[in-house]
Amino acid sequence: MASVCNSTTTLKTPFISSTSSLASTPKPGQLFLHGKRNQTFKVSCKVSNNDQNQNVETNSVDRRNVLLGLGGLYGVANAIPLASATPIPSPDLKSCGRAIISDGPPVPYSCCPPKPDDLDKVPYYRIPSTSKLRVRQPAHAVDEEYIAKYNLAISKMRELDKTDPSNPLGFKQQANIHCAYCNGAYIIGGKELQVHNSWLFFPFHRWYLYFYERILGTLIDDPTFALPYWNWDHPKGMRLPPMFSRKGTALYDERRNQTAIANGAVMDLGSYGDEVQTTELQKMTNNLTLMYRQMVTNAPCPLLFFGAPYVLGNNVEAPGTIENIPHIPVHIWVGTVRGSTLPGGGTSYGEDMGNFYSAGLDPVFYCHHGNVDRMWNEWKAIGGKRRDLSQKDWLNSEFFFYDEHKNPYRVKVRDCLDTKTMGYDFAPMPTPWRNFKPKRKTTSGKVNTAALPPASQVFPLAKMDKNISFSIDRPATSRTQQDKNEQEEMLTFTGIKYDNRQYIRFDVYLNVDKNVNPDELDKAEFAGSYTSLPHVHRANQTEHTANVTFPLAITELLEDMSLEDEKTIAVTLVPRKGGEGISVEGVKIDLAAC
């Protein structure tokens, strides 16, 4: 990377009010660092062209530890003081330590990868050229020949655990990658690294599956081998793929919620640990509604889809739409019931899929994330402003992996934006959710907002133990199409707090009263849902309170309900799981530039 300036520079931190307009996104060069208002920092800009050798002056702030503007929706909306900043360098393997089970004890084994011979000379990875793309197929449609090949590849990977436990290509070593990156083992700049709940989520998992797939192909001497994707966004794929239910095979995992997945049960893409008592048809309808909301309605802007910028040491979580739902609910639906007895003894923390430290021990994890990865491509294909992020702090973030030849490499986000360039693609499948905009309405006309308490009387909300309705004013009415193209109308809940050791789910509706039916999501008034898997945010944490910002794009909903001319609208919160432990600091409606 070329240097961003020519000499050591003295800069002052700007102060941005939390009420500032979202349109006034901080420009490159505006620095947000911990400290007093207008505190002076010394910034060194001695950066080499290849990013591999950086001279940082004593008592200066490294360019890697400076966030040049948060950009987009989250920068001014939150105005969060930053402890450190992106781009995130690849982790220092010397700093890898004991991981922590989410809401449990330390992981009883090391999740850290084998150390390369020379830690200081790990090169950057260059994607090899390929003459034939690896094509990932929908898991429910693969034939017996493919299943046999896939089973053989996983079997060989498992055999490495017995013959060479320290081999980075082994099944457990590959599973440990997720444990190390997601359960607090890695330390960067004195802060624990976490690749969930931010814009690191998509690129980390894409690189993870890329190397995993190539390792499997090498083990069976088939460079064309491709992982399957769990096509849960299509009704034909809304069940556990049958090949993973075959006992005695390498693809089977006994640490799953056998009750939920038994007999080809239809999954719930909004699962929060409890079974929704409704028909299979309604579950599929709800699933398609959730997919439409998460891919279309609530993801018109890159930062809504990918999630907020990642800042080391910042404990505010703001996951992207697909990471929130259906990514998390699929993990919940497959993992064992928390608190139950595991096969072989011991108390379950949601293993395997239901806890980040153990998720990679279930082969279906990689199939699930194959479809998550596919959603990245499908989202961009919708068009509009749906494109990859352009912030250098995202593009230059790094991860560490071993390739199929046991060679250690660092990788950059900027090199994983095109799957075909990476040598793989997805077999096409219909995406019925694209045309599944909810049209049924719970209410006709406009709810009487005068009969509802204003948001100022409801928030701060101490607990969400029942359905809660309130009125809230909009910043503008009767906006033109040009206005809408330039700025998205955002309903944002701030300071959401709950015990991060618990399952959480709540839904948001516009223009309905407290009597809404939460089991039927295919309603025009349904704005979206928030859900959470119990997780570790900091390895040494003693405080288990999550702090979340939850934005919802509502421009389309206002159009669909003919509320564009209304100054005040009604909002209803519907707790589905853990509501008595959820508090919300505030709510607002802003206009935000995508």
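As recorded in an unreviewed UniProt entry, the chain goes by catechol oxidase and comes from Capsicum annuum. For the chain, the Sequence similarities (unreviewed entry) comment in UniProt is given as "Belongs to the tyrosinase family." Per its UniProt entry, the chain bears the Function (unreviewed entry) comment "Catalyzes the oxidation of mono- and o-diphenols to o-diquinones."

Peer 1: I'm lost on the packing of aromatic side chains in this one. Help?
Peer 2: Any aromatic ring pair is given by two values, namely how distant the centres are and how the planes are angled relative to each other. Inspection of every chain in the model, using the stated rule, returns 46 aromatic pairs. With centroids separated by 4.2 Å and ring planes inclined at 5°, the aromatic side chains of phenylalanine 305 and tryptophan 379 adopt a geometry described as stacked. Of this pair, phenylalanine 305 sits in helix H7 (residues 302-306) while tryptophan 379 sits in helix H9 (residues 364-382), and the two are 74 residues apart along the sequence. The exposure class of tryptophan 379 is buried, given its relative accessible area of 0%. Directly above the ring of tyrosine 424 sits arginine 136, whose terminal nitrogen or CZ lies 3.8 Å from the centroid. Geometry around tyrosine 252 places arginine 256 over its ring, the cationic atom sitting 5.8 Å from the centre.

Peer 1: What is the right way to look at the pairing of strand E10 (residues 468-473) in this model?
Peer 2: As a general feature of sheets, a regular strand has side chains that alternate between the two faces. Summarising burial for E10: 5 of the 6 residues are buried, a large majority. Of the pairings in the sheet, the one linking E10 to strand E15 (residues 568-577) comprises 6 bridges and is antiparallel in character. Along E15, the bridge assignment pairs serine 471 with alanine 570.

Peer 1: I would appreciate a short explanation of the UniProt feature "binding site: Cu cation B" (unreviewed entry) in the chain in the present structure.
Peer 2: As annotated by UniProt and renumbered to match this structure, "binding site: Cu cation B" (unreviewed entry) occupies His327, His331 and His369. On the basis of their most widely separated C-alpha atoms, the annotated residues across 43 residues gather in one place, lying no more than 10.2 Å apart. Here histidine 331 shows up in helix H8 (residues 321-334). For histidine 331, a relative accessible area of 0% corresponds to the buried category. Position of histidine 369 relative to the elements: it lies in helix H9. Note on histidine 369: relative accessible area 2%, which makes it buried. Excluding residues within four positions of it along the chain, histidine 369 makes contact with Phe201, His205, Leu209, His327 and His331. Only 3.5 Å separates the side chain of histidine 369 from the side chain of histidine 331, close enough to count as a polar contact.

Peer 1: Can you walk me through the side chain of serine 471 in this structure?
Peer 2: Within the fold, serine 471 resides in strand E10. With relative accessibility at 8%, the residue serine 471 sits in the buried group.

Peer 1: Before we go on, may I ask you to explain the sheet that holds strand E16 (residues 583-592) in this structure?
Peer 2: Neighbouring strands of a sheet are bound in pairs by backbone hydrogen bonds; such pairs are parallel or else antiparallel. Judged by pairing direction, the sheet is mixed, and its 4 strands sit side by side in the order E6-E14-E11-E16 without closing on themselves. Of all strands in the sheet, those bounded by a partner on one side alone are strand E6 (316-317) and E16.

Peer 1: Explanation requested: the pattern of salt bridges in the structure shown.
Peer 2: Where charged atoms from two side chains of opposite charge come close, those side chains can pair. Enumeration over the complete set of coordinates arrives at 37 salt bridges. Its salt-bridge partner being arginine 256, residue aspartate 362 comes within 2.8 Å of it at the nearest N-O pair. In this pair, aspartate 362 is assigned in the loop between H8 and H9 and arginine 256 in the loop between helix H4 (201-219) and helix H5 (258-261), connecting sequence segments 106 residues apart. For the pair formed by aspartate 362 and arginine 256, the shared burial category is buried. For glutamate 275, the salt bridge identified is with lysine 283, shortest N-O distance 2.4 Å. Each of Arg134, Arg136, Arg206, Glu213 and Asp373 takes part in a single network of salt bridges with overlapping partners.

Peer 1: Mind showing me how you'd approach the nonpolar core here?
Peer 2: Proteins that are soluble and globular tend to have nonpolar side chains buried together. Tyr150, Tyr181, Trp207, Trp230 and Phe399 are the most contacted members of the largest nonpolar core, which has 119 residues in total. Considering every element that reaches this core, the biggest residue donor is H4, with 11 residues. Each of two domains, domain 1 (134-435) and domain 2 (449-593), supplies a minimum of three residues to this core. Setting aside residues up to four positions removed in sequence, tryptophan 207 forms contacts with Tyr125, Ile127, Phe399, Phe401, Val411, Lys412, Val413, Asp415, Cys416 and Met422. If you look at the next biggest cluster of nonpolar residues, it comprises 35 residues, including Leu461, Tyr498, Ile554 and Ile569.

Criteria and thresholds
- Residues numbered from 1 in each chain as written.
- Predicted model: local features only at pLDDT ≥ 70, side-chain atom pairs only at ≥ 80, totals over all residues.
- Heavy atoms only, no water.
- UniProt positions renumbered as here; feature names shortened; annotations may be inferred.
- Phe/Tyr/Trp six-rings, centres within 6.5 Å; stacked < 30°, edge-to-face > 60°.
- Helix = DSSP H or I, 4+ residues; strand = E, 2+ residues; numbered from the N terminus.
- Buried < 20%, exposed > 50% of the residue type's maximum accessible area, 1.4 Å probe, protein only.
- Lys NZ or Arg CZ within 6 Å of the ring centre and 35° of its normal.
- Pairing = 2+ DSSP bridges.
- Contact = heavy atoms within 4.5 Å.
- Polar contact = N/O pair within 3.5 Å; in protein donor to acceptor, adjacent residues only side chain to side chain.
- Salt bridge = Lys/Arg side-chain N within 4 Å of Asp/Glu carboxyl O.
- Core = buried A, V, L, I, M, F, W, Y, C linked by side-chain atoms within 4.5 Å.
- Domains from an automatic or database assignment.

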